[in-house]
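Next come the chains, spelled out residue by residue.
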Amino acid sequence: QVQLVESGGGVVQPGGSLRLSCKASGIIYRMNNMGWYRQAPGKQRELVAHMARGGSTNYVDSVKGRFTISRDNAENTVYLQMNSLKPEDTAVYYCYAEMTLSRYWGQGTQVTVSS
């Protein structure tokens, strides 16, 4: 069974930066897609960034140019570098990882952007 552990959330001022990390551990044969969702109170879960094993990426329009997803396949870890943070980025961020038969989720990490 695979476990994803997230870290890196916190409280920052508008314009600040954070880097989230999500490391998968357990029995891993092949990790394919990885990425990040976020969910703010009272709102639907939103796909923020997605990265295939080969390196192709997709971002929601609201974070393009500010967020960068990356991954270290040797370490089964995915990152989300968040720059120029805005109050509307405030949410719980969840990483995910997809293998052949299963999809796994991190526990969530809170990101709060406030003055």
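Before reading on, note that the structure itself is shown above.
Residues numbered from 1 in each chain as written. Predicted model: local features only at pLDDT ≥ 70, side-chain atom pairs only at ≥ 80, totals over all residues. Heavy atoms only, no water.

K.L.:
Even after reading the chapter, I still don't get the pattern of salt bridges, so can you show me in this structure?
P.N.:
Charged atoms that come close allow side chains of opposite charge to pair. Considering all chains together, one arrives at 5 salt bridges under this definition. Residues Arg 38 and Asp 89 are paired through a salt bridge, measuring 3.0 Å at the closest nitrogen-oxygen approach. Taken together, the residues Arg 38 in strand E4 (residues 34–39) and Asp 89 in the loop between strand E8 (77–82) and strand E9 (91–98) connect sequence positions 51 residues apart. Across the pair, Asp 89 and Arg 38 agree in class, each one buried. Through salt bridges with shared partners, a single network forms among Arg 38, Glu 46, Arg 66 and Asp 89. (Salt bridge = Lys/Arg side-chain N within 4 Å of Asp/Glu carboxyl O. Helix = DSSP H or I, 4+ residues; strand = E, 2+ residues; numbered from the N terminus. Buried < 20%, exposed > 50% of the residue type's maximum accessible area, 1.4 Å probe, protein only.)

K.L.:
I tried to follow the sheet that holds strand E1 (residues 2–7) on my own but got confused; where do I start?
P.N.:
Adjacent strands of a sheet form backbone hydrogen bonds with each other and so pair up, either parallel or antiparallel. Here 4 strands make up an open sheet; going across it, the order is E1-E3-E8-E7 and the pairing antiparallel. Every other strand in the sheet has two partners, leaving E1 and strand E7 (67–72) as the edge strands with one partner each. Shown here is a sheet whose adjacent strand axes are inclined to one another by a mean of 15 degrees, direction ignored. Two strands pair when backbone bridges link them, and E7 and E8 are joined in this way by 6 bridges, in the antiparallel orientation. (Pairing = 2+ DSSP bridges. Axes fitted to C-alpha atoms, helices over the stretch in contact; angles between N-to-C directions.)

K.L.:
Sorry if this is basic, but what is going on with the packing of aromatic side chains here?
P.N.:
For any pair of aromatic rings, the description rests on two quantities: the centre-to-centre distance and the angle between the ring planes. Counting across every chain of the model gives 3 aromatic pairs. An aromatic cluster is defined as three or more aromatic residues linked by ring pairs; in this entry it consists of Tyr 37, Tyr 96 and Trp 105. Just above the ring of Tyr 79 sits the side chain of Arg 19; from NZ or CZ to the centre is 4.3 Å. Over the ring of Tyr 37 we find Arg 45, and its NZ or CZ is 4.5 Å from the ring centre. (Phe/Tyr/Trp six-rings, centres within 6.5 Å; stacked < 30°, edge-to-face > 60°. Lys NZ or Arg CZ within 6 Å of the ring centre and 35° of its normal.)

K.L.:
Explain the nonpolar core here, please?
P.N.:
Proteins that are soluble and globular tend to have nonpolar side chains buried together. Formed by 30 residues in total, the largest nonpolar core has its most connected members in Leu 4, Trp 36, Phe 67, Leu 80, Met 82 and Tyr 93. Only E1, strand E3 (18–26), E4, strand E5 (46–51), E7, E8, E9 and strand E11 (109–113) provide two or more residues apiece to this core. If we skip the residues at most four places from it in the chain, Phe 67 touches Arg 38, Val 48, Tyr 59, Leu 80, Gln 81, Met 82, Asn 83, Leu 85, Asp 89 and Tyr 93. (Core = buried A, V, L, I, M, F, W, Y, C linked by side-chain atoms within 4.5 Å. Contact = heavy atoms within 4.5 Å.)

K.L.:
Help me understand the environment of Leu 18, please; the structure alone is not making it clear to me.
P.N.:
Position of Leu 18 relative to the elements: it lies in strand E3. Overall, the relative accessible area of 14% leaves Leu 18 in the buried class. Residues Leu 18 and Ser 70, spaced 52 residues apart in sequence, show a C-alpha to C-alpha distance of 14 Å. If we skip the residues at most four places from it in the chain, Leu 18 touches Gly 8, Gly 9, Gly 10, Val 12, Leu 80, Gln 81, Met 82, Leu 85 and Val 111.

K.L.:
What exactly am I supposed to notice about unusual backbone geometry here?
P.N.:
Note: most peptide bonds trans; most residues except glycine with negative phi. If you check the backbone angles, Asn 76 has positive phi at about 50 degrees while not being a glycine. With respect to the element layout, Asn 76 can be found in the loop between E7 and E8. Judged by relative accessible area, Asn 76 falls into the buried class, the value being 18%. One non-glycine residue, Ser 84, lies in the positive phi region at around 50 degrees. On the secondary structure map, Ser 84 appears in the loop between E8 and E9. Residue classification places Ser 84 among the partly exposed residues on the basis of a relative accessible area of 40%.

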